[in-house]
Amino acid sequence: MKVAILPSNEKIGEVAADFVETLLSEKSNAILGLATGSSPLPLYKELIARHKAGRLSFANCRAFTLDEYVGLDPEHPERYANFIRREFTDQVDFPEGAVNTPNDKAENLNEGAAAYDASIREAGGVDFQILGIGSDGHIAFNEPGESLTSRTHVGFLTDQTREDNARFFDGDITKVPTRAMTQGLGTIMEARQIVLIAQGKGKARAVRELVEGGVSSRWPATILQMHQNVFVLIDEDAASELELKEHYREDWAKYVEFN
């Protein structure tokens, strides 16, 4: 796990976009794993800019989003299928049908979850997975206490997660769905490269547990310690509770120098 403590959202977006640009220069038909929420927005902004500048094309790519609320109207602006189109994929050149989202409208949700999991494997697996992290340590919608080897499934959202997401629903927690279909931790761990982005003091405890804590279902993101190719891109506030900050700064400087 490499930790980069970066000075701004813009720099986080640039560093993350560099990874994507390198991947696409080597594999133009890469499979991308897309996260929603506010954390990856600096990355998407930078990717859109590079695409418009002629540096990047997604014309041969496919993508799979991490999760989807269960129960929202298909036209609801906070439905993740709509979010990812609005904030990223409709502003670049993904082909029609290349961006896949969990089918929360499946007649049988469990079968729909299993089918989505299978579709990722059938596509060859995710080359580059983008993640955020919740204040309670969840990634995608894998909440504390769930299996560290789970597959795509339907789960209940904790009150903490719903409170954190209420800002997207006019500050009203009662408007936030109580269930979501989400890639499991076992599914996410099969991605060949993972970049996790976190900003703000509200994420500081979760980042500390992710990077320096023990692997535990109490903090689901800690399973990423077991992955061989993870980059954690954070701002100063999100890094504020790390004990080994200076070590991470030194290590990142050396990584940048030699890559």
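My aim in this report is to walk through the structure given alongside it, one point at a time. (Residues numbered from 1 in each chain as written. Predicted model: local features only at pLDDT ≥ 70, side-chain atom pairs only at ≥ 80, totals over all residues. Heavy atoms only, no water.)

**Quick notes on the overall build of the protein**
Counting secondary structure elements, the protein contains 8 helices and 10 strands. A globule of 259 residues ought to have a C-alpha radius of gyration of about 18 Å, and the protein, at 17 Å, matches this closely. Judged by the C-alpha coordinates and their principal axes, the protein covers about 50 × 40 × 35 Å. Within the span of the protein, comprising 259 residues, buried residues form 54% of the whole. Of all intrachain contacts in the protein linking residues separated by at least 6 positions in sequence, the fraction that spans at least 24 positions is 79%. Surface summary for the protein: the accessible area is close to 11400 Å², and the carbon and sulfur share equals 47%. Taken as two groups, the 27 positive and 41 negative side-chain charges of the protein have centres that lie 1 Å from each other. (Helix = DSSP H or I, 4+ residues; strand = E, 2+ residues; numbered from the N terminus. Rg over C-alpha atoms; globule rule 2.2 N^0.38 Å. Buried < 20%, exposed > 50% of the residue type's maximum accessible area, 1.4 Å probe, protein only. Contact = heavy atoms within 4.5 Å. Areas by Shrake-Rupley, 256 points an atom, 1.4 Å probe, with all protein chains shown as cover. Lys, Arg positive; Asp, Glu negative; His and termini not counted. Charge placed at Lys NZ, Arg CZ, Asp CG, Glu CD.)

**Section: the side chain of H138**
As for its placement among the helices and strands, H138 is situated in the loop between strand 6 (128-131) and strand 7 (153-156). At 2.6 Å, the side chain of H138 and the side chain of D136 are in polar contact. A distance of 3.4 Å separates a polar atom in the side chain of H138 from a polar atom in the side chain of E143. With residues near it in sequence (within four places) discarded, H138 still touches G132, I133, E143, T161 and P220. (Polar contact = N/O pair within 3.5 Å; in protein donor to acceptor, adjacent residues only side chain to side chain.)

**A short note on the sheet that holds strand 7**
Strand order across the open sheet formed by 3 strands is 4-8-7, with antiparallel pairing between neighbours. Edge positions in the sheet fall to strand 4 (67-69) and strand 7, since each of these pairs with one other strand and no more. Pairs of neighbouring strands in the sheet enclose a mean axial angle of 25°, with direction left out of account. As judged from the 3 bridges shared by strand 4 and strand 8 (residues 179-182), these two strands associate in the antiparallel manner. Looking at the pairing, Y69 lines up with A180 of strand 8. Against the sheet, helix 4 (residues 109-122) makes contact with strand 7 and strand 8, and its axis sits at roughly 30° relative to strand 8, the strand it touches most. (Pairing = 2+ DSSP bridges. Axes fitted to C-alpha atoms, helices over the stretch in contact; angles between N-to-C directions.)

By themselves, these figures tell us nothing about what the structure is for.
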